[in-house]
Number of protein chains: 2
Amino acid sequence: MTAEPPVPATGNTTGEPVQRRRRDATETRQLLLNAARQRFARDGYAATTVRDIADDAGVNVALISRYFTSKEGLFEACLRAAGDELRRTTGQTPADRVPEAIAGHIADLGAAGLSSQLSLLLRSSGDAGADEIRRGVLIRSSEQLAAARGWRPGEPGSEQLLLRAQMVLAAGIGVAVLRSSIQLEPLSSATQQDLVGPLRDLVDALLPPR
Amino acid sequence: MTAEPPVPATGNTTGEPVQRRRRDATETRQLLLNAARQRFARDGYAATTVRDIADDAGVNVALISRYFTSKEGLFEACLRAAGDELRRTTGQTPADRVPEAIAGHIADLGAAGLSSQLSLLLRSSGDAGADEIRRGVLIRSSEQLAAARGWRPGEPGSEQLLLRAQMVLAAGIGVAVLRSSIQLEPLSSATQQDLVGPLRDLVDALLPPR
DNA sequence: ACTAGATGTAAACGTTTGCTGACTTAGCCA
DNA sequence: TGGCTAAGTCAGCAAACGTTTACATCTAGT
């Protein structure tokens, strides 16, 4: 291996002359977080080693313990980050644009190099804390989805709507995994445009507009 | 631990006085296979240890190496078994009964104790051989599903049908995982009856009857 | 009943894992 | 400039992992 300059690569696509300190705790944290999210999402928790993550981030292994306490702590941080993004989508997206939003999530527009964060939500670590976070994210997101179609907490007969909203999430997550982990063609190479049509049919069928 | 009689429990619900040898290679193989399928499906490949599987099966660890060469070999055997079942479903089920069949798969009717075999199909081991098996299963199944709606290999314009069939599988697998690995309510407690309605809407929307 | 081969057992091997402690180096202010 | 603290490095530990090896016990054929 050639000796790299000490400033590691980041997702900076714009050519801005970002003034970067050689030692920057918050940036190192972010590098670890991004590398971990990709690894965890693609390979799962148990199959990912802390040394893998550290190498991807171009950072020393011991810093994972320093900044995130443990591998488990890093995983929970990833889960929270992915959960925030998903909740932003299911909460702020108008009901008729949900298919586009999900397709965007799956095709991974926007954030640099973070592919298929949805997959993270079904990657389990066996730890109770992480499971609780994930369940919370999924429940809140499905409730937000269902609420846009008339679901109200505890209201009799609207339980079905929640079930259907969870199936929408399940479908989205399933597609994300089949694309990223397993590479299933033609699903893997499908663009956001290719996905949005079928996804619209799917969402409209499960959660008919009122 | 109390000393159990050497004949281990099997899925024999009928009260037949099955004459069982105390040492039976094929039965031991099957015990390992069943235990492994459950563990792999619920916890994933990397998170499952060979000692877990052997304990579940009530069998010595070394026998995994004897009968399946390695943990990887056992995983491939599980994949093949689950794949056979799925292909039987997507191949032999008339197009209009697919939702019931998928719901049955998810709710796990029939086979004793084998919950959510669909989950197995997205559990990756990192091994190239296993990945190939899984991809083959998914491709053949999606082709069978799509063929019932008019898809023909290489026919222009019908590629979309294949994509949609893969999304149906993705949805089914996603639901299976959210039910078994993560336990998401109310999805987890939903019965086959609860699932079949939404699933019918989903399948009809993605693969409209011709 | 005896034996050969099939089946099952127990213990240990070498490797990899997550994590830690003592150490070095860079950044910053007086 | 000097020195203090934050940031990063390095080597190694203990535990857990998949696998193997040498041995014990059962089954079936004669």
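Residues numbered from 1 in each chain as written. Chains lettered and ligands numbered in written order. Predicted model: local features only at pLDDT ≥ 70, side-chain atom pairs only at ≥ 80, totals over all residues.

**Concerning the overall build of chain A**
A count of helices and strands for chain A gives eight helices and zero strands. In chain A, the order of α-helices and β-strands from amino to carboxyl end is α-α-α-α-α-α-α-α. Considering chain A as a whole, with its 210 residues, one finds that 42% of them fall into the buried category. Looking at chain A alone, contacts between residues at least 24 apart form 70% of all its contacts between residues at least 6 apart. (Helix = DSSP H or I, 4+ residues; strand = E, 2+ residues; numbered from the N terminus. Buried ≥ 20, exposed ≤ 12 C-beta atoms within 10 Å, placed from the backbone. Contact = placed C-beta atoms within 7 Å.)

**Here we look at helix α1 (residues 25–43) of chain A**
Between its terminal C-alpha atoms α1 of chain A stretches 27 Å, which fits the 27 Å expected from 19 residues at 1.5 Å a residue. Where the residues of α1 of chain A are buried, they touch α2 (50–57), α3 (62–68), α4 (71–92) and α7 (159–180) of chain A. (Expected span 1.5 Å × (residues − 1).)

**Thoughts on the relation of the copies chain B and chain A**
Structural alignment of chain B on chain A gives an RMSD of 0.1 Å, achieved by rotating through 180° and translating 0.0 Å along the axis. Such a combination of turn and shift is consistent with a two-fold rotation axis. By residue overlap, the copies meet face to face through one surface: 100% of the interface positions of chain B are interface positions in chain A. (Least-squares fit on C-alpha atoms with pLDDT ≥ 70 in both.)

**Describing the interface of chain B and chain A**
With 36 residues of chain B at the interface, the matching set in chain A holds 37 residues. Mapped onto the side of chain B that touches chain A, the elements with two or more residues apiece are α7 (128–147), α8 (159–180) and α9 (192–206) of chain B. Sort the elements by how many residues they give to the side of chain B that touches chain A and α8 of chain B lands first, with 13 residues. Here the residues of the side of chain B that touches chain A are counted per class, giving 22 nonpolar, six polar and eight charged. (Nonpolar A, V, L, I, M, F, W, Y, C, P; charged D, E, K, R; others polar.)

**Some thoughts on the protein's contact with DNA strand D**
Near DNA strand D you find 20 residues, and of these A25, N60 and A62 of chain A together with R22 and S70 of chain B are the closest. Of all the elements in the fold, those that place two or more residues in the surface near DNA strand D are α1 and α3 of chain A together with α2 (50–57), α3 (62–68) and α4 (71–92) of chain B. Class assignment for the residues of the surface near DNA strand D results in seven nonpolar, five polar and eight charged. (Near = placed C-beta within 6 Å.)

**Examining the confidence of the model for chain A**
Any segment with low pLDDT has predicted coordinates that should not be analysed in fine detail. Per-residue confidence for chain A gives a mean pLDDT of 87; residues scoring 70 or more make up 88%. Between residues 1–18 of chain A, whose pLDDT stays under 50, and residues either more than four places distant or in other chains, the model counts nine contacts. (pLDDT = per-residue confidence, 0-100.)

**Considerations on the protein's contact with DNA strand C**
Neighbouring residues of DNA strand C: 20 residues in total, closest R22, T49 and S70 of chain A together with A25 and N60 of chain B. Those elements that place two or more of their residues in the surface near DNA strand C are α2, α3 and α4 of chain A together with α1 (25–43) and α3 of chain B.

**Digging into unusual backbone geometry**
All names here are of chain A. Each neighbour pair has its own omega, and for E185 with P186 the value is 5°, a cis peptide bond. Position of P186 among the secondary structure elements: in the loop between α7 and α8 (192–206). One non-glycine residue with positive phi stands out, namely T69, at about 75°. Mapping T69 onto the fold places it in the loop between α3 and α4. Taking the number of C-beta atoms within 10 Å as the measure of exposure, T69 has 12 and is therefore exposed.

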